[in-house]
Amino acid sequence: MSKDFSKMSGAEKAAYLLLCLGEDTTSEVFKELKDDEVRWISSYMKNVDHVPADLARMVVDQYRKTQQEYAGLFVDGGEFISNALTSTGDQKRVESLLEDLNSGFDGKPLETISMMEPRMVADLLKNEHPQTVALILSTQKAEHTGNVLQYLPEELRSDVVYRIARIEKVSPEVIQQIEEALQREIGGFVKKDQHHVGGVDKVVEILTRMEKNLEQQILSGIEEVDAETAETIRNSLVTFEDLSNIDNRGMQKILREVKNETLTLALKTSPEGIKEKIYHNISERAAEIIAEDLEALGPVRLSDVERAQQSIVKIALRLEEEGQLVLPGKGQETLV
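Some thoughts on helix 1 (residues 10-21)
Given 3.6 residues per turn, any residue in an α-helix points the same way as the ones three and four places further on.
Thought 1: Between its first and last C-alpha atoms helix 1 spans 16 Å; for 12 residues at 1.5 Å apiece the expected length is 16 Å, and the two agree.
Thought 2: When we look at burial in helix 1, the residues that qualify are Ala11, Glu12, Lys13, Ala15, Tyr16, Leu17 and Leu18.
Thought 3: Two residues or fewer past helix 1, Gly22 is found with a positive phi of approximately 100°.

Things to note about the environment of Ile233
Thought 1: By secondary structure assignment, the location of Ile233 is in helix 15 (residues 227-237).
Thought 2: Separated by 31 residues in sequence, Ile233 and Lys202 have C-alpha atoms that sit 9.9 Å apart.

Thoughts on the packing of helix 10 (residues 142-151) against helix 11 (residues 154-166)
Thought 1: Where helix 10 meets helix 11, the closest approach of the two axes is 9 Å, and the angle between their N-to-C directions is 150°. Compared by their axis directions, helix 10 and helix 11 come out roughly antiparallel. Within the contact between the two elements, helix 10 uses Thr145, Leu149 and Gln150 and helix 11 uses Arg157, Val160, Val161 and Ile164.
Thought 2: Tallied by class, residues from the contact of helix 10 with helix 11 come to four nonpolar, two polar and one charged.

Focus on the side chain of Thr229
Thought 1: Within the secondary structure, Thr229 is located in helix 15.
Thought 2: Among the residues examined, Thr229 registers a relative accessible area of 8% and is labelled buried.
Thought 3: A distance of 3.4 Å separates the side chain of Thr229 from the side chain of Arg166, its partner in a polar contact.

Examining the pattern of salt bridges
Thought 1: Tallied over the full model, the rule gives 10 salt bridges.
Thought 2: We note a salt bridge from Asp123 to Lys126, for which the minimum N-O separation is 2.9 Å.
Thought 3: Residues Lys275 and Glu272 are paired through a salt bridge, measuring 3.9 Å at the closest nitrogen-oxygen approach. Within this pair, Lys275 and its partner Glu272 are both found in helix 18 (residues 272-280), separated by three residues, close to a single helical turn.
Thought 4: Overlapping salt bridges, with partners in common, bring together Glu257, Arg318 and Glu322 in one network.

About the cut-offs
- Residues numbered from 1 in each chain as written.
- Predicted model: local features only at pLDDT ≥ 70, side-chain atom pairs only at ≥ 80, totals over all residues.
- Heavy atoms only, no water.
- Helix = DSSP H or I, 4+ residues; strand = E, 2+ residues; numbered from the N terminus.
- Expected span 1.5 Å × (residues − 1).
- Buried < 20%, exposed > 50% of the residue type's maximum accessible area, 1.4 Å probe, protein only.
- Axes fitted to C-alpha atoms, helices over the stretch in contact; angles between N-to-C directions.
- Parallel < 35°, antiparallel > 145°, perpendicular 65-115°, else oblique.
- Contact = heavy atoms within 4.5 Å.
- Nonpolar A, V, L, I, M, F, W, Y, C, P; charged D, E, K, R; others polar.
- Polar contact = N/O pair within 3.5 Å; in protein donor to acceptor, adjacent residues only side chain to side chain.
- Salt bridge = Lys/Arg side-chain N within 4 Å of Asp/Glu carboxyl O.

What follows is the structure, given as structure tokens:
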């Protein structure tokens with residue numbers, strides 16, 4: 001036998017097994033596999049022109065042994081739960097439960113805090129180190145975190161939100177230290193893996209649930225420490241497509257400061273909704289010119305399109321800070 005069976009990978013053994021079982025069986029098996037699995041197994045099969053008898057016997061024998069060993073029902077537990085919950089029909093409940101299940105923890109972290117009144121949580125945490133507060137709040141649902149932040153001292157808010165934005169993964173050791181320090185007040189949790197908490201996306205989710213004046217106050221505080229992170233958060237809070245929700249007067253103020261070539265480039269990959277909004281707020285002739293320029297515009301780098309879109313978003317954000325327009329979004333007061 002030319003190959004050492006004991007050193008062959010599972011994919012390579014599967015390749016030889018399927019070669020032994022024939023094309024029809026292989027076709028049926030491939031239907032049940034993921035694309036990357038098919039590619040992986042196929043990469044071993046394509047250069048084979050002979051399967052030695054002893055190798056064929058060994059792969060078939062191992063298949064039979066494995067079949068007996070793992071007899072029973074194979075399921076994708078995650079997919080099963082997702083499908084079962086979705087079938088209940090209560091979309092809000094489904095989203096909440098799936099968020100908890102996909103959070104990466106065995107149970108909802110700091111469950112006691114998640115059930116406490118925001119004012120009580122703020123009172124409990126206000127004297128803790130900002131990094132500790134950031135870690136704890138980053139494990140909570142965004143709405144609860146936003147409510148807690150409103151009761152924290154003003155000088156602490158921006159610092160905590162900035163630290164949440166900078167969190168990516170937290171080691172079990174750090175979680176253990178937090179647990180031990182706060183065990184009497186809030187209980188604790190430990191898990192053996194690295195935990196994904198915090199980050200800019202988490203901050204955006206939190207800020208969109210807070211009142212606009214607090215959002216700007218926090219971002220201004222972060223800007224004093226790290227202007228780049230503050231800008232990243234601001235840009236993530238409002239996308240180019242979000243501008244389609246601005247009222248006509250606000251859109252006209254934005255467009256007065258945008259060059260035609262920038263606007264044309266920004267519209268290259270945009271959905272019809274934002275195009276219609278912009279065309280509605282410029283002259284008919286200007287709309288025709290931009291539409292013609294768009295049609296004639298050849299392939300462009302996606303990064304250039306995104307840069308043009310972001311420059312327009314920055315204009316909108318500046319005008320909002322100056323009080324010249326209102327950007328609709330979650331967490332804001334209803335306009336009347």
